[in-house]
Number of protein chains: 2
Amino acid sequence: MSIGGELQATLDASRKSWIGTANDPACDFPIQNLPFGVFSDRNNHAPRAGVAIGDRIVDLGALESAGLLTVAYPATHVAQKNDASVFARDSLNAFIALGRDAWRSVRVQLSALLERDNGRLRDDETLKSRALVSMSDATLHLPVEIPGYTDFYSSKEHATNVGSMFRDPANALLPNWLEIPIGYNGRASSVVVSGTPVRRPNGQLKLPDTPRPVFGACRKLDIELETGFIVGRGNALGEPIACADAEDHIFGMVLLNDWSARDIQQWEYVPLGPFNSKTFATTISPWIVTLDALEPFRVAQPVQAPAPLDYLRHRPDGKHGFDIALEVRMRARDARHATTIARTNFRHMYWTMAQQLAHHTVSGCNTRVGDLMGSGTISGPTADSFGSLLELTWNGKKPIELDEGGTRTFIDDGDELTLAGWCQGDGYRVGFGTCVGEVLPAKK
Amino acid sequence: MSIGGELQATLDASRKSWIGTANDPACDFPIQNLPFGVFSDRNNHAPRAGVAIGDRIVDLGALESAGLLTVAYPATHVAQKNDASVFARDSLNAFIALGRDAWRSVRVQLSALLERDNGRLRDDETLKSRALVSMSDATLHLPVEIPGYTDFYSSKEHATNVGSMFRDPANALLPNWLEIPIGYNGRASSVVVSGTPVRRPNGQLKLPDTPRPVFGACRKLDIELETGFIVGRGNALGEPIACADAEDHIFGMVLLNDWSARDIQQWEYVPLGPFNSKTFATTISPWIVTLDALEPFRVAQPVQAPAPLDYLRHRPDGKHGFDIALEVRMRARDARHATTIARTNFRHMYWTMAQQLAHHTVSGCNTRVGDLMGSGTISGPTADSFGSLLELTWNGKKPIELDEGGTRTFIDDGDELTLAGWCQGDGYRVGFGTCVGEVLPAKK
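Residues numbered from 1 in each chain as written. Chains lettered and ligands numbered in written order. Predicted model: local features only at pLDDT ≥ 70, side-chain atom pairs only at ≥ 80, totals over all residues. Heavy atoms only, no water.

1. Section: the environment of A:Phe386
Residues and elements named next belong to chain A. Its place among the elements puts Phe386 in the loop between strand S22 (372–374) and helix H11 (389–392). Taking relative accessible area as the criterion, Phe386 reaches 8% and is therefore assigned buried. For Phe386 and Gly376, which are ten residues apart along the polypeptide, the C-alpha to C-alpha distance reads 12 Å. (Helix = DSSP H or I, 4+ residues; strand = E, 2+ residues; numbered from the N terminus. Buried < 20%, exposed > 50% of the residue type's maximum accessible area, 1.4 Å probe, protein only.)

In structure tokens form, the structure reads like this:
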């Protein structure tokens, strides 16, 4: 059986695991998913590589030590003296750097080991106690060390909404938008993992009634509902990645909340783009869902008119969008439940991830393993499918109501914001888990 | 003698070295300078830490092994098993992370060892052959691993020139410019060391006579004459650096050429700032001149009106500018000599490095050891002191002449661009060396 056929088998919708919680149709982490992350637990404080399945985390290094998992090192790999396992690291970068054959081989082996009828691990209580960790006992860490973070602006609906609000509804899209997957460099240092509290930033605010800006806490704190992809294979400086090859350079996807201080942004962003309004925090979900796991959920991307320039052109029959349902939930400090304030889908995105990566590198710019590329705010066509409070409340003009009372235009201190996303299969779903952050008051 | 007094002695203008070339008044690397870098040579291909003195490089690890140099580890430092010397690395980050006391201690020890009357190293021919490498035999590497690159826009003359050209000469400065040290995130992956050839980027160009952009090689390739500073002590997320403390977080300075594709930039930069027009290459000089070495060349920064908001305010008597003479030289492929096309000075900069760092972090953004912060193009008040071809030729309207014939509006293939900078002392100068790049034709 070729790796292709084995890989296909890992995607079979009828496949079940002996870990019962993985077979719940509402579980984000069925055997078809197998996303990668970095975790630690109370028995072992060392952050290390794991894979989510049901309500458990598979400790990859433990399986490797036990001889149940073999890493396929590429022929070019040179072992270093004292090399630790690629799984015994506090980031996935070393594993990802081994290349796609190694990722796929681990996926195929895990899928087999966790499959309902495979007794190898299932029936070994001692090994299970070492190699399976309960999610409720685990701490999840940033899954990759991020050398570079780029954020795109690829939702036509979002760009149109912003243009309508701040420029001209009749000419909402700027002339370059339909030609370029617009992007900008973000700040990699302040990318944090889901669960990390986010402190409201201070900064310069230009109020309409004063000639000079004042210094103070952001009054228009917002989220941006995004996904991000993780670069799995970099490119050398001066060697662009062709659009047709770009998906081979992507390891997987996460949810991404690009927290934004709208008042700081409005005053600072001309002419060189957003800076302090975005650099205080960007939150990503802890589990990286591989492109392989997303394969069954490919859909055609929207029709692009005008047809992009050649270097951005996909083959006409290609499907380069993904059907990923997305939600934003908001919970006030004392509320029992969160209110879902937006529902949308990644399939609305105008520019594809492959086009983003081709554009990013066409100048010769190099990328590196672990680079994070944000999609830009993902807004759908309807008023309840927008990916930011800026759009949902139309810059504060239309407050939204929370289920347990209270309204919001932007985020209050103590509010917890959650992004969720999943691909709906037949009787199962391939989920991203959640991307959560509670907002703390600004520093005095 | 306190470290303060010992440090003062290293700056003494009359101090001479037993390395004769260091005493040449035109040498960039006298005993007063002692800049840090990373080098390798034909006898030892491993990149490692060094200090420039005259036409030599001091191999710091060799001096440490011989017991002539002791590293002052901070009390909090925990040695790791198999820890190599902080000097036996391919970047200075581990050394820099030890903190300012360690940098200063190395400076004081080196200054004593290299001083004319000190025979300890001078008279030990065997050790000298191991610990001193001729610059002409050495390859210089990127001195730091750069976790984040930020570029500012802090020259009032430059911002005024650009605003006059592309917006309105009567209102050249945007309203936020006098309030904010405007900056944006750059691309760290494509920062290269001086000497690395730079390939002309391809990209989208919007020509005036066609409705859609075309894809092709940049026709308006430019330099930006900048300096950059290297962060020596980071800050935690959510913990801003106060303006008064900011210089304590700076390790030193380099020259920086922020190569820019003006035609790509003009089309892409609205609304999120420059991207492909800048990400193809940024060149820095290999030697980091410490703030300690620059101490004698402090000057008052320009008067700022309006007085900045409190978080950006320096003490009234402080001197936070530096008197650094800067030049740009251009040499056509077959020319024997370069033509100096601009002369300016870092002292013209409106916003100080301390203000840049205070602003960068005031939102809570964290910085890390090795972060690179570019000054922005440094233009002086006169037409021959502008820091870019865009300004020198007024967007191509006034070609410049090269000494050996030929004119330029922007950069031709084969042109070599050199930045140079130095602080002029009494009978010596503290120099940065050069920051050089030759432009290669665009990829077909």
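2. Observations regarding the environment of B:Arg347
Within the secondary structure, B:Arg347 is located in the loop between strand S21 (339–345) and helix H10 (353–362). Between the C-alpha atom of B:Arg347 and that of B:Leu7, which follows or precedes it by 340 residues, the distance is 24 Å.

3. A few points about the packing of aromatic side chains
What the rule picks out here adds up to 24 aromatic pairs over all chains. Ring geometry for B:Phe36 and B:Phe95: centres 5.1 Å apart, planes at 35°, overall tilted. Of the two residues, B:Phe36 is situated in strand S1 (residues 36–41) and B:Phe95 in helix H3 (residues 93–97); the sequence distance between them amounts to 59 residues. Residues B:Phe36 and B:Phe95 agree in their burial class; the two are buried. Taken together, the aromatic side chains of A:Phe36, A:Phe87, A:Phe95, A:Trp103 and A:Phe251 make up a single cluster linked through ring pairs. (Phe/Tyr/Trp six-rings, centres within 6.5 Å; stacked < 30°, edge-to-face > 60°.)

4. So, the environment of B:Ser111
Residue and element names in this part refer to chain B. For Ser111, the location among the structural elements is in helix H4 (residues 100–114). Separated by 76 residues in sequence, Ser111 and Arg187 place their C-alpha atoms 36 Å apart. Apart from the residues lying within four places of it in its own chain, the contact partners of Ser111 are Thr10, Arg15, Ile31 and Leu34. (Contact = heavy atoms within 4.5 Å.)

5. Looking at the sheet that holds strand S2 (residues 44–53) of chain A
Residue and element names in this part refer to chain A. Spatially, five strands are ordered S4-S3-S2-S1-S5 in an open sheet, and the strand pairing comes out antiparallel. Here the strands that pair on one side only, and so sit at the sheet edges, are strand S4 (132–134) and strand S5 (138–141). Strand-to-strand twist in this sheet, taken as the mean axis angle between neighbours without regard to direction, amounts to 45°. Across four bridges, S2 lies against strand S3 (residues 56–59) in antiparallel orientation. The partner of Ala52 across the bridge, within S3, is Ile57. (Pairing = 2+ DSSP bridges. Axes fitted to C-alpha atoms, helices over the stretch in contact; angles between N-to-C directions.)

6. Brief notes about the interface of chain A and chain B
Taken together, the 61 residues of chain A in the interface contact 61 residues of chain B. For the chain A and chain B pair, buried surface summed over both sides reaches about 5400 Å², with 57% attributable to carbon and sulfur atoms. A per-residue breakdown of the area chain A buries against chain B is headed by A:Arg187, A:Leu272 and A:Phe275, which together make up 14% of the total. Between A:Glu179 and B:Arg212 there is a salt bridge; the shortest N-O distance is 2.7 Å. Here chain A is connected to chain B by 25 residue pairs in polar contact (both at pLDDT 80 or more). Breaking the side of chain A that touches chain B down by element, the ones donating at least two residues are strand S6 (149–152), strand S7 (183–185), strand S10 (202–205), strand S11 (214–217), helix H8 (262–268) and helix H10 (353–362) of chain A. Class assignment for the residues of the side of chain A that touches chain B results in 32 nonpolar, 20 polar and nine charged. (Buried area = accessible area lost by both parts, 1.4 Å probe. Salt bridge = Lys/Arg side-chain N within 4 Å of Asp/Glu carboxyl O. Polar contact = N/O pair within 3.5 Å; in protein donor to acceptor, adjacent residues only side chain to side chain. Nonpolar A, V, L, I, M, F, W, Y, C, P; charged D, E, K, R; others polar.)

7. Some details on the pattern of salt bridges
Counted according to the given criterion, the structure contains 54 salt bridges over all chains. With a closest N to O distance of 2.6 Å, B:Arg187 and A:Asp371 form a salt bridge. You can see B:Arg187 sitting in the loop between strand S7 (183–185) and strand S8 (191–193) and its partner A:Asp371 sitting in the loop between H10 and S22, one on each of two chains. Each of the two residues, B:Arg187 as well as A:Asp371, counts as buried.

8. Things to note about unusual backbone geometry
In this structure, the amide linkage connecting A:Ala305 to the following residue, A:Pro306, adopts the cis form with an omega of 5°. Here the amide bond leading from B:Val270 into B:Pro271 is cis, since omega sits at 0°, within 30 degrees of zero. Along the chain, the position of B:Pro271 falls in the loop between helix H8 (262–268) and strand S16 (282–284). Positive phi, close to 55°, is recorded for A:Leu34, a residue that is not glycine. In this model, A:Trp394 sits at a positive phi of 45°, which is unusual for a non-glycine residue. Position of A:Trp394 relative to the elements: it lies in the loop between H11 and strand S23 (400–401). Taking the relative accessible area as the measure of exposure, A:Trp394 reaches 25% and is therefore partly exposed.

The values reported here are purely geometric and, on their own, carry no functional implication.
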